[in-house]
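If you want the building blocks of each chain, they are given just below.
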Amino acid sequence: MKASKSLIPLLIAIVLIYLLVPDFLVQAFCVTLFFLILISFFYALIIKKNLSVERYSGELKLFCKERTKISFTIRNYSLLPVFVCHYTDNAPHFYVFQNKNTGLVSLRARQKIRIDYEVYSQDRGEYIIGPAVLKFYDPLFLFTITKEIHSELKIIVRPQRLKLITVTVPGIPQGGLKINNPVYEDITLKRTVREYKNQDEPKRINWRISAKFQKLFTNEYDNSYNAPFFIFLNLARDDYDFHTNSIDMEKAIEIAACIVEKADYLRQAVGFASYAEKSMFLLPENNQGDAIMDILSLIKPADGKLPYDPVKQFKSKLKNNTLFFSIGPQEVRWYSGKVLRAKENINTENTGIRKS
């Protein structure tokens, strides 16, 4: 709490007038004014104790170069109103649209006000929004109260989204993806029945329906498959062009994130390995995409060159028909070249990323 510069001279003047002027009305006015200052002081203390900032969650995940709304609530728990309150929600590393993370509000007793603003991030990584700072005054504007509230929001900024079509065949039969290919026929997913043809196998005959209609009918099944994904990401600095290695490695991370997001969208198992500052190896598993996206949000390049062939290193550890995506400087060049030539339908097959 910070007192106004005029407070001490005002108190001195009140005491001097009270002592030097023996008039009852003047002394009563001085005592009244003193008690008003005292009440205003206790008002400031009560408001400081009962004013808070509350967030709707402690963590938020967003994509690089996408606008995202940040929300928090200023709440007055006391029975006293807050006439003027200036708020600031510190958001370093983010561009804040229209500076709406700062402003003025007034609150009634027991009132809460929701504040919304939008941010934009240029770089992936982990950042903190907060603390929130509230600044308000007593009714006489003699005290300035600044309260820093450590209600912080952790934001994980994921790699920028790309327009990349991921090819998912070949795969493993009897999965969750539909395809018009009898090689992937799933006998657990009966689609319909049709009249029997001479080349149909006897085991496909639906005897129950055939007996009912006195005519042979054959079962038809859906064709479905699974496509486990495995992504290897090469972030060895010396493998990339010296002049553009930062941009190219960031593009490689974005391509990897695009493939992970597609695997997650298709509800397919996805695994990950990398040559980076902290290399790792994760076998393809279901519901693992979110964890890999978090890794890609924080991953950092490593010095030197890639010392091994990723296909020979990891292929033997994977199940048959796993889709192996190796992403490095060559794939980045292919992708960037197609973007510069404005070619549509860029996918993991015609950029050479897919290796099966």
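Use the structure listed above.
Residues numbered from 1 in each chain as written. Predicted model: local features only at pLDDT ≥ 70, side-chain atom pairs only at ≥ 80, totals over all residues. Heavy atoms only, no water.

Caption draft 1: Fine view of the overall build of the chain. Within the chain, the secondary structure is distributed over seven helices and 20 strands. Relative to its full complement of 356 residues, the chain shows a buried share of 43%. Counting only carbon and sulfur atoms, one obtains 55% of the accessible surface of the chain, whose full area is about 20,400 Å². (Helix = DSSP H or I, 4+ residues; strand = E, 2+ residues; numbered from the N terminus. Buried < 20%, exposed > 50% of the residue type's maximum accessible area, 1.4 Å probe, protein only. Areas by Shrake-Rupley, 256 points an atom, 1.4 Å probe, with all protein chains shown as cover.)

Caption draft 2: Expanded view of unusual backbone geometry. A cis geometry characterises the amide bond from Gly130 onward to Pro131, with omega recorded as 0 degrees. Of note, the phi angle at Gln214 is positive, near 55 degrees, even though the residue is not glycine. Tracing the backbone through its elements, the reader meets Gln214 in the loop between helix H3 (207–213) and strand S15 (217–226). Phi is positive for Asn321, close to 65 degrees, though the residue is something other than glycine. Here Asn321 is to be found in the loop between helix H6 (310–314) and strand S19 (323–327).

Caption draft 3: Molecular detail of the packing of helix H4 (residues 245–265) against helix H5 (residues 289–298). Running from N to C, H4 and H5 point in directions that differ by 170 degrees, and their axes come no closer than 9 Å. When the interaxial angle is binned, H4 and H5 end up roughly antiparallel. Taken as a pair, H4 and H5 cross one another with a handedness that is left-handed. Contacts from Ile253, Ala256, Ala257, Val260 and Asp264 in H4 reach Gly289, Ile292, Met293 and Leu296 in H5. A per-class count over the contact of H4 with H5 returns seven nonpolar, one polar and one charged. (Axes fitted to C-alpha atoms, helices over the stretch in contact; angles between N-to-C directions. Parallel < 35°, antiparallel > 145°, perpendicular 65-115°, else oblique. Left-handed = near helix turned anticlockwise from the far one by under 90°. Contact = heavy atoms within 4.5 Å. Nonpolar A, V, L, I, M, F, W, Y, C, P; charged D, E, K, R; others polar.)

Caption draft 4: Looking closely at the environment of Leu306. With respect to the helices and strands, Leu306 occurs in the loop between H5 and H6. Sequence spacing of Leu306 and Arg237 is 69 residues, and the spatial spacing of their C-alpha atoms is 8.9 Å. Look past the residues within four positions of Leu306 in its chain and what remains in contact with it is Phe232, Asn234, Ala236, Asp239 and Tyr275.

Caption draft 5: Structural view of the sheet that holds strand S8 (residues 112–120). Read from one edge of the open sheet, four strands run S2-S4-S8-S6, paired in antiparallel fashion. At either margin of the open sheet sits one strand with a lone partner, and together these are strand S2 (51–55) and strand S6 (95–96). Judged from the eight bridges that link them, strand S4 (residues 68–76) and S8 form a sheet pairing that is antiparallel. From the neighbouring strand, Arg75 faces S8, where its bridge partner is Lys112. (Pairing = 2+ DSSP bridges.)

Caption draft 6: Molecular detail of the sheet that holds strand S9 (residues 125–129). The mixed open sheet is built from three strands, whose spatial order is S3-S12-S9. Either end of the sheet is taken by a strand with one partner, and the two such strands are strand S3 (59–63) and S9. Going from strand to strand, the sheet's axes swing by 25 degrees on average, the running direction of each strand aside. In terms of strand pairing, S9 meets strand S12 (residues 153–158) through five bridges, oriented antiparallel. The partner of Gly125 across the bridge, within S12, is Val157.

Caption draft 7: Fine view of the pairing of strand S5 (residues 82–89). Bridging between S5 and strand S7 (residues 102–107) involves five bridges; their strand directions are antiparallel. Looking at the pairing, Cys85 lines up with Val105 of S7. Pairing of S5 with strand S10 (residues 132–137), which is carried by five bridges, proceeds in the antiparallel orientation. For Asp89, the partnering residue across the bridge sits in S10 and is Ala132.

Caption draft 8: Geometry of the pattern of salt bridges. Using the criterion set out here, one finds 16 salt bridges in the structure. In this structure, Asp116 and Arg114 form a salt bridge, with 3.0 Å as the shortest nitrogen-oxygen distance. Asp116 gets classed as partly exposed once you look at its relative accessible area, which sits at 32%. Asp303 is the salt-bridge partner of Arg237, the closest N and O atoms lying 2.7 Å from each other. Of this pair, Arg237 sits in the loop between strand S16 (229–234) and H4 while Asp303 is found in the loop between H5 and H6, placing the two residues 66 residues apart along the sequence. Given a relative accessible area of 59%, Asp303 falls into the exposed group. Via salt bridges that share partners, Lys61, Arg158, Asp290 and Asp294 belong to a single interconnected network. (Salt bridge = Lys/Arg side-chain N within 4 Å of Asp/Glu carboxyl O.)

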